[in-house]
Amino acid sequence: MTELPAFYDDLAGCLAEAWRRLEEGAAHQSGFHAPALATIGRDGAPRLRTVVLRGVDRAARTLRIHCDARSDKAAEIAADPRVSLHAYDAAAKLQVRIEGRARLHGMDAAARAAWGASRPMSRVCYGTIPGPGTPLAEGGAYALPEDEAAVEAGFPEFRVVVLTAARLDFLYLARQGHRRALFTWDGEAETATWLAP
Ligand SMILES: Cc1cc2nc3c(=O)[nH]c(=O)nc-3n(C[C@H](O)[C@H](O)[C@H](O)COP(=O)(O)O)c2cc1C
């Protein structure tokens with residue numbers, strides 16, 4: 001039998017492990033590097049896509065993602081900030097689901113700091129013409145910026161999505177018995193409970 005991790009029967013330890021894995025995902029390629037972000041579509045239906053986790057602040061309970069202002073997800077968040085994020089690391093046998101509200105930052109200090117810290121190859125996408133999701137006559141009928149000035153001209157389209165967690169559902173798979181826990185935050189009020197898996 002595999003040895004059980006220290007957080008196995010420790011509720012606070014499970015929460016710490018969730019944040020540790022999320023932080024690791026933001027810093028490196030790991031199971032938590034590219035989670036799925038769900039938004040509510042304009043018709044009320046759920047919409048899902050892979051995103052890269054760019055930053056995590058466990059004290060503020062926030063997760064940072066980058067996107068284009070012209071994308072569906074940006075419009076959906078602007079219309080309804082309720083979002084959900086799903087990450088699963090098969091090697092760690094850990095699933096984390098976060099629900100909360102997202103805030104979009106564009107052309108402000110948060111956007112400038114994130115833009116400044118992002119790699120040139122990441123900035124290129126925001127200068128794509130036409131914008132993401134535009135129907136094309138051929139697969140390659142779009143243009144990417146060709147010089148630094150054109151890349152920088154993409155900044156107005158750059159958005160930082162800051163998700164503040166209101167609920168975190170933790171699931172650890174183990175042959176000895178799975179462990180599932182739910183953590184919620186509502187202002188100053190915090191709850192933590194084990195759940196049947
Ligand atoms: C590995 C991977 C990472 C991605 N990271 C991002 C990202 O960080 N931000 C983003 O807007 N789209 C990212 N995408 C693209 C989205 O999954 C999606 O296709 C695109 O943003 C359009 O989504 P939307 O129309 O729902 O806005 C990524 C896709 C993959 C496969």
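Residues numbered from 1 in each chain as written. Predicted model: local features only at pLDDT ≥ 70, side-chain atom pairs only at ≥ 80, totals over all residues. Heavy atoms only, no water.

An unreviewed UniProt entry annotates the protein as Pyridoxamine 5'-phosphate oxidase of Methylobacterium tarhaniae. Its UniProt record gives the protein the following Cofactor (unreviewed entry) comment, quoted word for word: "FMN". (UniProt positions renumbered as here; feature names shortened; annotations may be inferred.)

### Quick word on the UniProt feature "domain: Pyridoxamine 5'-phosphate oxidase Alr4036 family FMN-binding" (unreviewed entry) in the protein
Per the UniProt record, "domain: Pyridoxamine 5'-phosphate oxidase Alr4036 family FMN-binding" (unreviewed entry) is annotated on residues 19-105. Strand forms 46% of residues 19-105 and helix 20%; the C-alpha atoms that close the span are 23 Å apart. (Helix = DSSP H or I, 4+ residues; strand = E, 2+ residues; numbered from the N terminus.)

### Description of the site of the ligand
Around the ligand, the neighbouring residues are Arg49, Thr50, Val51, Val52, His66, Cys67, Ser71, Asp72 and Lys73. A distance of 2.8 Å is found between a nitrogen atom of the ligand and a backbone nitrogen or oxygen belonging to His66. In isolation the ligand offers 620 Å² of accessible surface; the protein chains occlude 58% of this area. Here the shell around the ligand is composed, by residue class, of three nonpolar, three polar and three charged. (Near = heavy atom within 4 Å. Polar contact = N/O pair within 3.5 Å; in protein donor to acceptor, adjacent residues only side chain to side chain. Areas by Shrake-Rupley, 256 points an atom, 1.4 Å probe, with all protein chains shown as cover. Nonpolar A, V, L, I, M, F, W, Y, C, P; charged D, E, K, R; others polar.)

### Focus: the packing of aromatic side chains
Evaluated as defined, the whole model comprises eight aromatic pairs. Relative to Tyr126, the ring of Trp115 lies with its centre 6.0 Å away and its plane at 65°, an arrangement referred to as edge-to-face. Of this pair, Trp115 sits in helix α3 (residues 109-117) while Tyr126 sits in the loop between α4 (120-123) and α5 (148-152); the two residues are 11 residues apart in sequence, bridging distant segments of the chain. Like Trp115, the residue Tyr126 is buried in the burial classification. An aromatic cluster is defined as three or more aromatic residues linked by ring pairs; in this entry it consists of Phe7, Tyr8, Phe170 and Tyr172. (Phe/Tyr/Trp six-rings, centres within 6.5 Å; stacked < 30°, edge-to-face > 60°. Buried < 20%, exposed > 50% of the residue type's maximum accessible area, 1.4 Å probe, protein only.)

### Focus: the environment of Phe183
Within the secondary structure, Phe183 is located in strand β8 (residues 179-186). Distance in space between the C-alpha atoms of Phe183 and Pro132 is 35 Å, their sequence separation being 51 residues.

### Some thoughts on a nonpolar patch on the surface
A cluster of nonpolar residues, Leu136, Tyr142 and Leu144, forms a patch on the protein surface that exposes about 270 Å² of accessible area. When you line up the elements, Leu144 lands in the loop between α4 and α5. (Patch = residues over 30% accessible without salt bridge, like charges linked within 9 Å, V, L, I, M, F, W, Y side chains within 5 Å. Salt bridge = Lys/Arg side-chain N within 4 Å of Asp/Glu carboxyl O.)

### Structural notes on α3
All buried positions along α3 are accounted for by Ala111, Ala114 and Trp115. Seen end-on, α3 carries its buried residues on one side only, within an arc spanning 100°. When the buried face of α3 is taken as reference, the exposed residues oriented beyond 90 degrees from it are Ala109, Ala113, Gly116 and Ala117. Its buried side turned inward, α3 meets β4 (62-68), β6 (94-105), α4, α5 and β7 (158-172). (Arc of directions from axis to C-beta. Contact = heavy atoms within 4.5 Å.)

### Topic: unusual backbone geometry
Cis rather than trans, the peptide bond between Ile129 and Pro130 has omega equal to -5°. For Pro130, the position within the fold is in the loop between α4 and α5. Positioned with a positive phi, Met107 is a non-glycine residue whose angle comes to about 60°. Since its relative accessible area comes to 43%, Met107 is described here as partly exposed.

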